[in-house]
Amino acid sequence: MRHLLNPLDFSVEETERLLELATDIEQNLPKYSHVCDGKKLATLFYEPSTRTRLSFESAMLSLGGSVLGFSSANSSSATKGESVSDTIRMISCYADITAMRHPKEGAALVASNAAKIPVINAGDGGHQHPTQTLTDLMTIRSLTGRLDNMTIGLCGDLKFGRTVHSLIEAMVRYPGIRFYLISPDELRIPGYIRQDVLEANNIEYKEVNNLDDAMPQLDILYMTRVQKERFFNEEDYIRLKDCYILDKKKMKLAKEDMFVLHPLPRVNEISTEVDDDPRAAYFRQAQYGVYVRMALIMTLLEVEKPC
Ligand code: CP
């Protein structure tokens, strides 16, 4: 039995197979409509979500399976003090696979140790968000035809943004990847990512404050929201929340074939005037999230690809 807690739980080859399956699902959706008949997915969301929870549910329903779960800790027995370990032991009796989001870093790992079914980390605090990374990889691969030899700008809240941490860990495994890490000083990438991931893998990277200067160099610009829910005081959040706003003027500085990604939700960091730019890929990215999660559910449940 396998879990997905971190993007590195899948090798580069396994990730490639999963992305190929997701692409086949995208192109031949009806073929997959009964491959998970009789299977159940439990979505355990202790933190708010729109895309991740609903795309998991859409994915399982599109595979012919069913879905159960809760969308907030308040509607579960967590409010009575039940532990994640006990909850997951129960869920193992009710479902075949589970996707869990929790505000505490490491919660998905704790769940996996008690589970009798595959556990998918749907976001654990400011730590990791591996299914967003698979979505990002599918988006980049579909748009550019490759996952290597590119300059990626990661912009915004690089400290608390778990999607950024997971994406860096996944991308450093491909040759010729360079990063611009664009953030205010207070929201720089955590030291463990800088030392244990970037420097340990001899990855070329620059930490900068200025988005305009970086724009012309980028093949991918990955914008992120300042993570209000992880701040200890509101004053800091208010001071930093609009530190970068991507607008039409900034887009003029970018390459014609650069793409803008964002895990969403956005607040102010991408002006809606950018949405019509053909390089704005964030809504397509959300759509790829369904195909990737369908492929992931099939992979973890060891469901055969239909002929
Ligand atoms: N990208 C993402 O995780 O969005 P949600 O918080 O809406 O699930």
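Section: the sheet that holds strand E2 (residues 66–70)
Working step 1: On the basis of which strands lie adjacent, the open sheet formed by four strands has the order E2-E1-E3-E4 and parallel pairing. Edge strands, defined here as strands with exactly one partner in the open sheet, are E2 and strand E4 (119–124). In this sheet, adjacent strand axes meet at a mean angle of 15 degrees when their direction is disregarded.
Working step 2: Pairing geometry for strand E3 (residues 97–102) and E4, over four bridges, is parallel. Bridging across to E4, alanine 99 finds its partner in isoleucine 120.
Working step 3: On top of the sheet, helix H2 (residues 51–62) reaches strand E1 (40–45), E2, E3 and E4; it is set at about 175 degrees to E1, its chief contact.

Comments concerning the site of the ligand
Working step 1: Close to the ligand lie Ser49, Thr50, Arg51, Thr52, Arg101, His129, Gln132, Pro263 and Leu264.
Working step 2: At 2.9 Å from an oxygen atom of the ligand is found a side-chain nitrogen or oxygen belonging to arginine 51.
Working step 3: In the model, a nitrogen atom of the ligand is placed 3.0 Å from a nitrogen or oxygen of the leucine 264 main chain.
Working step 4: Alone, the ligand offers 260 Å² of accessible surface; in the complex the protein occludes 91% of this.
Working step 5: Judged by the proximity of its atoms to the pocket grid, the ligand belongs to the largest pocket.
Working step 6: Looking at the shell around the ligand residue by residue, the classes come out as two nonpolar, five polar and two charged.

Conventions and cut-offs
Residues numbered from 1 in each chain as written. Predicted model: local features only at pLDDT ≥ 70, side-chain atom pairs only at ≥ 80, totals over all residues. Heavy atoms only, no water. Pairing = 2+ DSSP bridges. Helix = DSSP H or I, 4+ residues; strand = E, 2+ residues; numbered from the N terminus. Axes fitted to C-alpha atoms, helices over the stretch in contact; angles between N-to-C directions. Contact = heavy atoms within 4.5 Å. Near = heavy atom within 4 Å. Polar contact = N/O pair within 3.5 Å; in protein donor to acceptor, adjacent residues only side chain to side chain. Areas by Shrake-Rupley, 256 points an atom, 1.4 Å probe, with all protein chains shown as cover. 1 Å grid on protein atoms, 1.4 Å probe; cavity = no way out; pocket = protein on both sides within 12 Å on 5 of 7 lines; lining within 4 Å. Sits in = over half its atoms within 2 Å of the grid points. Nonpolar A, V, L, I, M, F, W, Y, C, P; charged D, E, K, R; others polar.

Keep in mind that these numbers describe shape and distance, not what the molecule does.
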